[in-house]
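Now for the letters of each chain:
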Amino acid sequence: MDSSSAAATATVRPRRRTALYWASAACVAALIAVPAWMLAANPAVLGGHPLLPGLLIAAAVVGIYWAVLLWRRRDAPRPRTLPRAIGAWAGRIAVLALVAALAWLNPFAYQPGAAAEAGPQSDLIVTETNTTITMTPDGGRAPTKGLVFYPGARVDARAYQDILAPAVGAGYRVVILKEPLGLSLLDSNQARGAIEENPDITTWAVGGHSLGGVAASSFAQDNDDVRGLVLYASYPLSSLRDRAGFPVLSVSGTKDGLSTPAKIDASTALLPADTEFTAVQGGVHAYFGDYGPQPGDGEPGISREDAQEQIAAATVTFLGRL
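The text that follows walks through the structure, step by step, so that each part is easy to find. (Residues numbered from 1 in each chain as written. Predicted model: local features only at pLDDT ≥ 70, side-chain atom pairs only at ≥ 80, totals over all residues. Heavy atoms only, no water.)

## Structural notes on the environment of Arg92
When you line up the elements, Arg92 lands in helix H5 (residues 82–104). Residues Arg92 and Val214 lie 122 residues apart in sequence; the distance between their C-alpha atoms is 35 Å. The contacts of Arg92, once residues within four sequence positions are left out, are Leu20, Ala23, Ser24, Cys27, Trp66 and Arg80. (Helix = DSSP H or I, 4+ residues; strand = E, 2+ residues; numbered from the N terminus. Contact = heavy atoms within 4.5 Å.)

## Section: the side chain of His49
By secondary structure assignment, the location of His49 is in the loop between helix H3 (43–47) and helix H4 (51–72). Other than its neighbours up to four places away in sequence, His49 contacts Asn130, Thr131, Lys178, Glu179, Pro180 and Gln190.

## Comments concerning the pairing of strand S2 (residues 132–137)
If a strand is regular, its side chains alternate between the two faces of the sheet. Counting buried positions along S2 gives six out of six residues, so the element sits mostly inside the fold. Residues Thr132, Thr134 and Thr136 point to one face of S2 and Ile133, Met135 and Pro137 to the other, with burial holding for every one of them. Sheet analysis places strand S1 (residues 124–128) next to S2, joined by five bridges and oriented antiparallel. What sits directly across from Ile125, in S2, is Thr136. Remark: three residues form the turn of the hairpin made by S1 and S2, two consecutive strands paired antiparallel. Where S2 and strand S4 (residues 173–177) come together, four bridges link them in antiparallel fashion. The residue of S4 that forms the bridge with Thr134 is Val175. (Buried < 20%, exposed > 50% of the residue type's maximum accessible area, 1.4 Å probe, protein only. Pairing = 2+ DSSP bridges.)

## Thoughts on the pattern of salt bridges
Between side chains of opposite charge, a pair can form when the charged atoms approach closely. Under the defined criterion, the tally for this structure stands at six salt bridges. Close ionic contact of Glu128 with Lys178 constitutes a salt bridge, the shortest N to O distance being 2.6 Å. Here Glu128 is found in strand S1, whereas its partner Lys178 is found in the loop between S4 and helix H8 (190–196), with 50 residues between them in sequence. The partly exposed category is assigned to Glu128, whose relative accessible area is 43%. For Arg304, the salt bridge is made with Asp290, and the minimal N-O distance between the two is 4.0 Å. In this pair, Arg304 is assigned in helix H11 (residues 304–320) and Asp290 in the loop between strand S8 (276–280) and H11, connecting sequence segments 14 residues apart. Asp290 shares its class with Arg304; the two are buried. (Salt bridge = Lys/Arg side-chain N within 4 Å of Asp/Glu carboxyl O.)

## Details of a nonpolar patch on the surface
A contiguous nonpolar patch, built from Ile32, Ile64 and Val68 and spanning about 220 Å² of accessible area, is present on the exposed surface. Secondary-structure assignment places Ile64 in helix H4. (Patch = residues over 30% accessible without salt bridge, like charges linked within 9 Å, V, L, I, M, F, W, Y side chains within 5 Å. Areas by Shrake-Rupley, 256 points an atom, 1.4 Å probe, with all protein chains shown as cover.)

## Side note on the nonpolar core
Judged by nonpolar contacts, the single largest core of 36 residues is most densely connected at Tyr160, Leu164, Val174, Ile176, Tyr232 and Val251. For this core, the secondary-structure elements that each account for two or more residues are S2, strand S3 (145–150), helix H7 (161–169), S4, strand S6 (226–232), strand S7 (248–253) and H11. In this structure, Val174 is in contact with Ile133, Thr134, Met135, Leu147, Leu164, Ala167 and Val168, ignoring residues within four places of it in sequence. Val148, Ile201, Ala216 and Leu229 belong to the second-largest nonpolar core, a separate cluster that totals 21 residues. (Core = buried A, V, L, I, M, F, W, Y, C linked by side-chain atoms within 4.5 Å.)

## Description of the side chain of Arg92
Judged by relative accessible area, Arg92 falls into the buried class, the value being 14%. A distance of 2.7 Å separates polar atoms of two side chains, one belonging to Arg92 and the other to Ser24. (Polar contact = N/O pair within 3.5 Å; in protein donor to acceptor, adjacent residues only side chain to side chain.)

## Things to note about unusual backbone geometry
The backbone phi angle of Leu181 is positive, close to 60°, even though this residue is not glycine. Within the secondary structure layout, Leu181 lies in the loop between S4 and H8. The exposure class of Leu181 is buried, given its relative accessible area of 16%. Phi is positive for Ala233, close to 50°, though the residue is something other than glycine. With respect to the secondary-structure elements, Ala233 resides in the loop between S6 and S7.

## Observations regarding the sheet that holds S3
Sheet architecture is open: eight strands sit in the order S1-S2-S4-S3-S5-S6-S7-S8, paired in mixed fashion. Edge positions in the open sheet fall to S1 and S8, since each of these has one partner strand only. The average angle at which neighbouring strand axes cross in this sheet is 15°, direction not considered. The strands touched by H7 are S1, S2, S3, S4 and S6; relative to S2, the strand with the most contacts, the crossing angle is about 35°. Contacts from H11 reach S3, strand S5 (203–209), S6, S7 and S8 within the one sheet, and its direction differs from that of S7 by about 175°. (Axes fitted to C-alpha atoms, helices over the stretch in contact; angles between N-to-C directions.)

## So, the packing of helix H2 (residues 19–41) against H5
Taken N-terminus to C-terminus, the directions of H2 and H5 make an angle of 15°; their axes are 10 Å apart at the nearest point. Judged on the interaxial angle alone, H5 and H2 are roughly parallel. Both H2 and H5 take part in a crossing whose hand is left-handed. Where H2 approaches H5, its residues Ala19, Leu20, Ala23, Ser24, Ala26, Cys27, Ala30, Leu31, Val34 and Met38 are matched on the opposing element by Ala88, Trp89, Arg92, Val95, Leu96, Val99, Leu102 and Ala103. (Parallel < 35°, antiparallel > 145°, perpendicular 65-115°, else oblique. Left-handed = near helix turned anticlockwise from the far one by under 90°.)

## Digging into the packing of aromatic side chains
Summed over the entire model, instances satisfying the criterion amount to five aromatic pairs. A ring pair is formed by Phe149 and Tyr232, whose centres lie 5.4 Å apart and whose planes are at 55°; its orientation type is tilted. Taken together, the residues Phe149 in strand S3 and Tyr232 in strand S6 connect sequence positions 83 residues apart. Ring geometry for Tyr232 and Phe288: centres 5.5 Å apart, planes at 40°, overall tilted. Of this pair, Tyr232 sits in strand S6 while Phe288 sits in the loop between S8 and H11, and the two are 56 residues apart along the sequence. Through successive ring pairs, a cluster of aromatic residues spans Phe149, Tyr160, Tyr232 and Phe288. A cation over a ring is seen here: Arg154 above Trp104, with NZ or CZ 4.2 Å from the ring centre. It is Arg243 that lies over the ring of Phe246; its NZ or CZ is 4.2 Å from the centre. (Phe/Tyr/Trp six-rings, centres within 6.5 Å; stacked < 30°, edge-to-face > 60°. Lys NZ or Arg CZ within 6 Å of the ring centre and 35° of its normal.)

Function cannot be read off these values alone, since they describe shape.
Below, the structure written as structure tokens:
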């Protein structure tokens, strides 16, 4: 082989991949694979608030674009100064952290319980939008009282349809909110839109499960037209103690590993003196919806069906006193 042939061979020989190149490839894989997995495997993602699927699609598009650029530059790594190299590494770490955050936002999907498996209820009408699930009694007198409900953190809004259905059967309209990214505190004023979209309802209560109850408490504190508050395994962050004549129902589970009995007891100082406390003996955090077990929760001492029957009955009785 002469010198010219050797030189030609050298020009086509691929260069050695750098660590930064492989870090970029890992980012590309994560940006594409995680959104694809969440969108395809979890029906709660596309069935929930549109913000999360929008972010996932945007992340996947960025990943595909980055993959194209990485392929085109695979044999021509760019020289970088030390500050630029540090910035490049920091950026890739930030991307992986962002993807991890998106994966963490993967919601607990609705898992139909015994009530749903028995068949759809004929005494209510369910309408669904991108941000709400509205359940209205079918037939009879039009309801004048309603409940706007904030789900727990990262829980599919549909997981509360069955436990709140008895309230609808008793003659109340229930609006379950689909929260942005499944986090109610990102828009604690979301109930206002639901109230305005149902002008025929003249008396409103708000409620919520876990973090959703915190958002509901905040909304109730800031809106005098709210006539009652329903807390499922939850408590307010700021005091409602001075809210005279404001009825509150606090339902909790004695085996709850997240909103523990001690935390519920401590919340008494933040709630009106006449707050009604109902403790479901043996109940756990995940029994307040139908979404399966939850990490960090306690061990139940009662069946889900029996616990939810007690929760639903306490809710119906409370709404009847508004």
